[in-house]
Amino acid sequence: MRTGNSWKRFFIFAAFPLAVFAIVLVFPFAQGFYLTFTNWDGFEQTAYVGFDNYTKSFKDPVFWSTLVFTTKFVVVSLIAVNVVAFGLALLVTAKLRSANILRTFFFVPNLIGGVVLGVIWQFIFNTALVSISTKFGLPFFAESWLNQTGTAFWALIIVTVWQSSGYMMIIYITGLISIEQDVIEAARVDGASPLRMLWAIKMPLMAQAFTISLFLTLRGGFMAYDVNLALTGGGPYRTTELISMHIFQDAFAFGNFGTGQSKAIVMFVIVAAAALLQVTVSKRLEVER
Amino acid sequence: MSEVRGIAKKATFISGSIIAVAYFLPFVLVFVNALKPKFDILANPLALPKTITWDNFNQAMTKMNFFRSLTNSVIITVLSVGALILFSSMLAYYLARTKSKFTKTTFLILVASMIVPFQALMIPFMSIFAQFVSLNNRAALIFFYIGFGVALSTFLYHGFISKIPMDLDEAASMDGANDFTIFWKIIFPMLRPVTATVAIVNALWIWNDFLLPRLVLTPETQTLPLSTYLFYGQYSTEYGQAMAGLLLAVLPIIVFYLILQKQFISGISTGAVK
């Protein structure tokens, strides 16, 4: 770009998108932060209340159980999604003639929105599996998995893996393909076993794919809402509410705008801290090429 | 050696096929039950249909107002994605080519904003924009998507534009072209692979988004994901309709994917490597 006339250039190229960004994202975020220190009730605020909303939030036992449940969900889904996705990527890159078709099958669940997905799986857990169980006498599925907190947790994990492993698989495939063939050849000549090749050569060389995929699953886990809503709806008795739904309920169902918003700020801090930690650690494990 | 390899290959093929079937089974189940009358589903959800009925599809189409929801989804997705491509590419060009403290800081803020979850601003969001939303909720939603999507899209474009040599701009500028012409005639056509990525990543997100439309749209302007949620409440009785409705809702995006499969895959991988 030429120098000079920089204002004109700013107005042509940047002013509108930056203004929209500020109006839609920056301003409500700042406003939301500010409101947590007032007695805002969704319509007006009349007084500053200091940290009252935060203390109230942390005194709410349901919020604590939500935080524990969400953390468990994020950790387990992060591991499960990435292990499965990496396995699928290895499978698809194993030079099979059917690789393309397999890839499509694994990827398609990802195209479908969380709500539709949740409703499909609700049918599977509530009706199909129960019917199989009565027919073949399998006690495992005799009662719908969605009726109990413990099994409902695993139902959420299964559906999340089914939905997002295909997307992460693509990222891992890209990583696997980007490894130079001569490095692999050299390792093969040196007599590296397939397992050792994977562990010592391929995985370090594609560490960037792990960084990205772990970041996306971490973020996705904390923000999960649709699947939660359509699959368990938070039930039984609000025991399977992930943090996102908890905030929604607190503010819009119970009208607690003050605590709802402070919980949202707590969520933001947790997500930001977890994401920063994960990215710093993974970046350190990446090798320069 | 080759025999061992052959067996290994067969084993991978078989395990791959089994997993693929497992991934696909839920769709089969939905399809099979969408074709059955109500009582057959209750009797045995796993059996193939004895009598095939398309009744469920007709009912579901009316209930979810299929064509209206589809039109809404298409309008909102196409306009939002188009606007995001237009504005993000221009913003990225500005930020990548103008070296100043302001552009550096702006870029950093954009990148940092990607960690902010929507939930962190959802509650004040609705009270701030209530009036704007009531004026024209579809326009408001598109405006919101530009705001929420501009950071990632600009980031993707920025990485690519930084790799295009400045000489190109300078040569064109010598020939008397202004910034605007340089960008649209020379730079933008070179950005095609990123444009595909930006389009696909954003289209998938916006097409399937649920929370924001749920807060913003009304029944008249509802999108496909919202219209399928309707089956959630009355679910316990009308399985067949629900299944048909779900199929109708996912069909457009699956067809779209099958047509543009290559672009989807390369779009996601270029998007991820950045």
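All chains use their own residue numbering, which begins from 1 and follows the written sequence. Throughout, the order in which chains and ligands are written sets their labels, letters from A for the former and numbers from 1 for the latter. Note on the predicted model: pLDDT of at least 70 is required for a residue's local features to be given, and 80 or more for side-chain atom pairs to be given and counted; whole-chain, interface and lining totals, by contrast, use all residues.

### Description of the environment of Glu286 of chain A
All names here are of chain A.
And then number 1: What counts as a helix is a DSSP run of H or I of at least four residues, what counts as a strand is a run of E of at least two, and both are numbered from the N terminus. For Glu286, the location among the structural elements is in the segment after helix H13 (257-285).
And then number 2: Once the C-alpha coordinates of Glu286 and Thr240 are considered, the two residues, 46 residues apart in sequence, prove to be 36 Å apart.
And then number 3: By the convention adopted here, residues make contact when the C-beta atoms placed from their backbones lie within 7 Å. Beyond its immediate chain neighbours, meaning those up to four positions away, Glu286 contacts Ala207, Gln208 and Thr211.

### Brief notes about helix H7 (residues 149-178) of chain A
And then number 1: By this rule the span expected of a helix is its residue count minus one, scaled by 1.5 Å. Taking 1.5 Å of rise per residue, the 30 residues of H7 of chain A would be expected to cover 44 Å, and the 42 Å separating its terminal C-alpha atoms lies within 8% of that figure.
And then number 2: Axes are fitted to the seven residues ending at a residue and to the seven starting at it; the angle between these axes is taken as the bend at that residue. Residue Ser164 of chain A marks the point of greatest curvature in H7 of chain A, where the axis turns by about 40°.

### Focus on the domain arrangement of chain B
And then number 1: Note that domain bounds follow an automatic or database assignment of domains. Each domain of chain B was delimited in the assignment, giving domain 1 (2-55) and domain 2 (65-233).
And then number 2: The C-alpha-based centres of domain 1 of chain B and domain 2 of chain B are spaced at 38 Å.

### Points about the environment of Ala172 of chain B
Residue and element names in this part refer to chain B.
And then number 1: Turning to its location among the elements, Ala172 is positioned in helix H8 (residues 166-174).
And then number 2: Taking C-alpha positions, Ala172 is 9.9 Å from Lys185, a pair spaced 13 residues apart along the chain.
And then number 3: Not counting chain neighbours up to four residues away, the residues in contact with Ala172 comprise Ala177, Ile182 and Ile186.

### Observations regarding the packing of helix H3 (residues 52-59) of chain A against H13 of chain A
Residue and element names in this part refer to chain A.
And then number 1: Here the axes come from fitting lines to C-alpha atoms, over the contacting stretch only for helices, and the angles between their N-to-C directions go from 0 to 180 degrees. Where H3 contacts H13, the axes come no closer than 8 Å and their chain directions differ by 80°. As judged from the angle between their axes, H3 and H13 are roughly perpendicular. Residues Asn53, Tyr54, Lys56 and Ser57 of H3 form the contact with H13, whose own contacting residues are Gly258, Thr259, Ser262, Lys263 and Val266.
And then number 2: Polar here means any residue outside two lists: the nonpolar Ala, Val, Leu, Ile, Met, Phe, Trp, Tyr, Cys and Pro, and the charged Asp, Glu, Lys and Arg; Gly therefore counts as polar. Looking at the contact of H3 with H13 residue by residue, the class counts come to 2 nonpolar, 5 polar and 2 charged. Here the angle decides the label: under 35 degrees means roughly parallel, over 145 means roughly antiparallel, 65 to 115 means roughly perpendicular, and every other value means oblique.

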